[in-house]
Amino acid sequence: MYAPPGVKTSKDFPIPDTMKAWVLGNPGELLLKDKPVPVPKRAEVLVRIDAVAICATDLEVIYHGPPALIQGGMPHNKNFTPGHEYMGTVVATGPGVDEFKIGQRITVEIHAGCGQCKRCRQGMYTSCHNYGLNYGDVDKGHRANGFTTDGGFCEYQVNHINTLIAIEDDMSDEEATLVVTAGTSMYGLTELGGLVAGESVAVTGPGPIGLLAVAVAKALGAQPVILTGTRDNRLKIGLELGADHVVNIRKEPDAVAAVHKLNGGKGVDYVIECSAAPSALNDAIRMVNRGGKVCLAAFPHDEAMVDIGHLAKNNIYVYGIRGEGRSATHRAEAYMRQKRFDATKIHTHTFPLEDLPTAIRYAKDRVEDAIKVVVKAKMSAAHKTAAE
């Protein structure tokens, strides 16, 4: 039985020596294998993973590779386990850990910066200068589970205490997996200035981050909040999460003009771009007013042409964000705990962990209008019926 030296465990939470884990083979290939249960070091805990959500970035990693960086290169065929939006229960603690107790429910954020570089010291740990440079040598400090180190499509994982957010018992496993998504939306608004009460906000792209950007912006007091997209069912969810107006860009010949019209004939103060469309940045910089700010929470695969002249002449600021930095997940969790918005509206499907390939297919192909798909290590009979 699992009993590494220096690691605290509890008889109430027995831990096996090996676990089931999905491993990335060739591009698009996932293999279910046995792996040793990892061992927490100083300032780390072992998390029993109870649920993990599938993110669009997981699909990028599985099918293409980047932004994962394993052993200095692409993540395929390196015994690497992807997945990063997970929650679970602390079942063992490494040396020096007293911030979290065995049996405590937590959710996680992805990045634990090295704590040594310039950006980490500024609190920008998602921009850690040692990202991917430790090549598995976690003693360097940097970890990005599911990107540079093993992730959450398995039964157990090690996390640094800086990546843990305690959650209340009345928050469901599925909702807890969405804290990191809401945290990414919160991070975008934080980088744009944070004080958005009374400010006008447009969100382009009603994916998970875009929909929760609507919810977070509204909870922070933005007015109006305008959501643009192409799918009426998702735009409807946007309205339920607090959008004052929605624009279906397939039905509106000029989305920029539509946003201006809905905002009293002028540009908005902020745009959060979540669509990754090649033309999205040029649309966004025309949606904002002079001196406005644009946050890029998504990006196209290829280089995109940008009207730099329009940016400069109108004093428009553009920000890129990576992940959920500056402890934004803690603020997002606080809003969710206080029921300021219902993140579960974007959760559409749940599958057992052993059926991860089906869950991936639902997320990738948007089967049955899937938005956020969750897999659980242990599912109730009712959950299994719903998944089937």
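Residues numbered from 1 in each chain as written. Predicted model: local features only at pLDDT ≥ 70, side-chain atom pairs only at ≥ 80, totals over all residues. Heavy atoms only, no water.

## With respect to the packing of helix H1 (residues 56–63) against helix H11 (residues 356–365)
- The geometry of H1 relative to H11 is characterised by a closest axis approach of 10 Å and an angle of 110 degrees between their N-to-C directions. Of the possible angle classes, the one that applies to H1 and H11 is roughly perpendicular. Two packed elements cross with a definite hand, and for H1 against H11 that hand is left-handed. Note on element contacts: H11 touches H1 through Ile360, Ala363 and Lys364, opposite Leu59, Ile62 and Tyr63.
- Looking at the contact of H1 with H11, its residues break down into 5 nonpolar, no polar and 1 charged. (Axes fitted to C-alpha atoms, helices over the stretch in contact; angles between N-to-C directions. Helix = DSSP H or I, 4+ residues; strand = E, 2+ residues; numbered from the N terminus. Parallel < 35°, antiparallel > 145°, perpendicular 65-115°, else oblique. Left-handed = near helix turned anticlockwise from the far one by under 90°. Contact = heavy atoms within 4.5 Å. Nonpolar A, V, L, I, M, F, W, Y, C, P; charged D, E, K, R; others polar.)

## Examining the sheet that holds strand S13 (residues 268–273)
- Strand order in the open sheet formed by 6 strands is S12-S11-S10-S13-S14-S15, and the pairing between neighbours is parallel. Where the open sheet ends on each side, the last strands, each with one partner, are strand S12 (245–248) and strand S15 (317–320). If you compare each strand with its neighbour and ignore which way they point, the axes differ by 15 degrees on average.
- Relative to strand S11 (residues 225–229), strand S10 (residues 201–204) runs parallel, the two sharing 4 bridges. Residue pairing across strands places Val203 opposite Leu227, the latter belonging to S11.
- Lying over the sheet, helix H5 (residues 208–219) contacts S10, S11 and S13, oriented at roughly 175 degrees with respect to S11.
- Packed on one face of the sheet, helix H8 (residues 280–287) meets S10, S11, S13, strand S14 (288–296) and S15 and runs near 145 degrees to S14. (Pairing = 2+ DSSP bridges.)

## Re the pairing of S15
- Across 4 bridges, S14 lies against S15 in parallel orientation. Opposite Leu296, over in S15, you have Gly320 as the bridge partner.
- Taken together, S14, helix H9 (residues 308–313) and S15 form a β-α-β motif whose crossover is right-handed. (Right-handed = clockwise from strand over helix to strand, strands pointing away.)

## Quick look at the pattern of salt bridges
- Applying the stated rule across the entire model yields 18 salt bridges.
- With a shortest N-O distance of 3.6 Å, Lys376 and Glu174 are connected by a salt bridge. Separated by 202 residues along the polypeptide, Lys376 in strand S17 (residues 372–376) and Glu174 in helix H3 (residues 173–177) bring together distant segments of the chain. Both residues of the pair, Lys376 and Glu174, belong to the buried class. (Salt bridge = Lys/Arg side-chain N within 4 Å of Asp/Glu carboxyl O. Buried < 20%, exposed > 50% of the residue type's maximum accessible area, 1.4 Å probe, protein only.)

## Considering the packing of aromatic side chains
- Taken as a whole, this structure holds 1 aromatic pair when the rule is applied.
- Look at Phe351 and Tyr362: their rings are 5.0 Å apart centre to centre, the planes differ by 65 degrees, and that puts the pair in the edge-to-face class. Within this pair, whereas Phe351 is found in strand S16 (residues 347–352), its partner Tyr362 is found in helix H11, the two being separated by 11 residues in sequence. One exposure class covers both Phe351 and Tyr362, and it is buried.
- Stacked on the ring of Tyr63, the Lys or Arg Lys364 has its end atom at 5.2 Å from the ring centre. (Phe/Tyr/Trp six-rings, centres within 6.5 Å; stacked < 30°, edge-to-face > 60°. Lys NZ or Arg CZ within 6 Å of the ring centre and 35° of its normal.)

## What about the nonpolar core?
- The biggest cluster of nonpolar side chains holds 51 residues, and the ones touching the most others in it are Ile15, Leu46, Ile54, Phe153, Leu356, Val373 and Val375.
- Those elements giving two or more residues to this core turn out to be strand S1 (18–24), strand S3 (44–53), H1, strand S4 (85–93), strand S5 (105–108), strand S8 (156–160), H11 and S17.
- Not counting residues within four places of it along the chain, the set of residues in contact with Val373 comprises Val52, Ala53, Ile54, His349, Phe351, Ala359, Tyr362 and Ala363.
- Among the nonpolar cores identified, the runner-up in size contains 47 residues, and Ala53, Leu178, Ile237 and Ile321 belong to it. (Core = buried A, V, L, I, M, F, W, Y, C linked by side-chain atoms within 4.5 Å.)

## A word on helix H7 (residues 255–262)
- Every buried residue of H7 is listed here: Ala255, Val256, Ala258 and Val259. Seen from one end, H7 has its buried residues packed into an arc of 160 degrees, which puts them on one side.
- Looking at the buried residues of H7, the elements they touch are S10, S11, S12, S13 and H8.
- In this structure Asp254 caps H7, since a side-chain oxygen of it lies 3.2 Å from the backbone nitrogen of Val256.
- Of the residues one or two after H7, Gly264 is the one with positive phi, at around 75 degrees. (Arc of directions from axis to C-beta. Polar contact = N/O pair within 3.5 Å; in protein donor to acceptor, adjacent residues only side chain to side chain.)

## Here we look at the confidence of the model for the chain
- In the predicted model, the chain carries a mean pLDDT of 93, and 96% of its residues have values of at least 70.
- Confidence over residues 380–388 falls short of pLDDT 50; this stretch has 7 contacts with residues more than four positions distant or in other chains. (pLDDT = per-residue confidence, 0-100.)

## Remarks on unusual backbone geometry
- Cis geometry is found at the peptide bond from Pro66 to Pro67, where omega equals 5 degrees.
- Structurally, the position occupied by Pro67 is in the loop between H1 and S4.
- Backbone geometry places Asn77, a non-glycine residue, at a positive phi of 55 degrees.
- With respect to the helices, strands and loops of the structure, Asn77 is situated in the loop between H1 and S4.
- One non-glycine residue, Glu368, lies in the positive phi region at around 55 degrees.

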